[in-house]
Amino acid sequence: MGNEQKPIYGGQAVVEGVMFGGKHHYITAIRRKDQTIEYFHLPRKHNQKFAKLKKIPFVRGIVSIIEASGNGTKHLNYSTDRYDVDPAEDYKLTEQEPSKLTMILGVAAIGILSFLFGKFIFTLVPTFLAALFQPIISGHFGQILLESLFKLILLLSYIYFVSLTPLIKRVFQYHGAEHKVINCFENGLDLTVKNVQSQSRLHYRCGSSFILFTVFVGLFLYLFFPTDSLVERVLSRIALIPVVLGISFEVLQLTNKVKNVPVLKYLGLPGLWLQLLTTKEPKDDQVEVAIFSFKELLRREQETAKQNASSI
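Let me begin by describing the structure that accompanies this report.

Quick notes on the rules
- Residues numbered from 1 in each chain as written.
- Predicted model: local features only at pLDDT ≥ 70, side-chain atom pairs only at ≥ 80, totals over all residues.
- Heavy atoms only, no water.
- Pairing = 2+ DSSP bridges.
- Helix = DSSP H or I, 4+ residues; strand = E, 2+ residues; numbered from the N terminus.
- Axes fitted to C-alpha atoms, helices over the stretch in contact; angles between N-to-C directions.
- Contact = heavy atoms within 4.5 Å.
- Phe/Tyr/Trp six-rings, centres within 6.5 Å; stacked < 30°, edge-to-face > 60°.
- Buried < 20%, exposed > 50% of the residue type's maximum accessible area, 1.4 Å probe, protein only.

1. Some points on the sheet that holds strand E1 (residues 10-14)
A sheet is described by the order of its strands in space; here four strands give the open sequence E1-E2-E3-E4, paired in antiparallel fashion. Two strands lie at the open edges of the sheet, namely E1 and strand E4 (37-43), each paired on one side alone. Taken pair by pair, the neighbouring strands of this sheet meet at an average axis angle of 15°, ignoring direction. Of the strands in this sheet, E1, strand E2 (17-21), strand E3 (25-31) and E4 are in contact with helix H2 (residues 60-82), which crosses E4 at around 155°. Relative to the sheet, helix H6 (residues 166-186) contacts E1 and E2, its axis offset from that of E1 by approximately 160°.

2. Focus: the packing of aromatic side chains
In this description, an aromatic ring pair is defined by two values, namely the gap between the centres and the angle between the planes. Counted under the stated rule, the structure contains eight aromatic pairs. Aromatic side chains Phe40 and Tyr78 sit 4.4 Å apart centroid to centroid with 10° between the ring planes, which places their arrangement in the stacked category. Residue Phe40 is located in strand E4, and its partner Tyr78 is located in helix H2; the two are separated by 38 residues in the primary sequence. Here Phe40 and Tyr78 have matching classes, each one buried. Ring geometry for Phe185 versus Phe294: centroids 5.1 Å apart, planes at 65°, classification edge-to-face. Taken as a pair, Phe185 in helix H6 and Phe294 in helix H11 (residues 284-310) lie far apart in primary sequence, 109 residues in all. Among the residues examined, Phe185 registers a relative accessible area of 8% and is labelled buried. Taken together, Tyr9, Phe20, Phe185 and Phe294 form an aromatic cluster joined through their ring pairs.

And the structure:
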């Protein structure tokens, strides 16, 4: 098993649990208030237009982000609705009315809009801050460097301060558990708590690395656009958001491909360093939840593969 090509699986930490996604299914396992494990399953919808777009370099990144944001929000909502509720009181969950915005746009659309809103904030706030220092640092390169520095400080500060809250700290522990399970699987080891805990909590394909790469990609890309006019500067930053995202996704894929190549493997180190903030060492019971989630995903993936094979 260690030498054969394995399918690529992705994941996401949720509140008191972990979501994993495969070719046909998404599975979330959470630990309920009574310590039982509960699963949330969504089949992976195959959109022909999306499938074609995901084959186009630089475009596929945007499509993947939209898909991940929309789907991830559904699993996150599931976990936040249930993690602190006693299963005996689940009937109360159906009595809660969704917001009007959710009813109009849907959960997936809310997730995508939230991601875009966050991206606008992290893109435009550093732009305005750098412009304030233009009388002192007026050179084009200096302004771009300052803007990127503010963006990096804003990103790191945000992650650090949210990680201080007990809830987010536990989410980051489940994030570490997710990476450990994936690393254990990719290294061909049995999925036991002991084996999983022996793995690194860092992973080259992590979305945290992607976020950091957007800072570096933006730094080089913005060099080709003027900074003199604040209006032009703001408009160019907004217009370049999908370009930055598309290129950053390709950089993330590249660093994963060359992670075992001498010298080139260091390209992914900045992203791994950021994961030291976005992941925490998980406890055994958290790793156990991640293992349950991943094994359930593997079971459903294998069942679907058998059904597809028998129908041929």
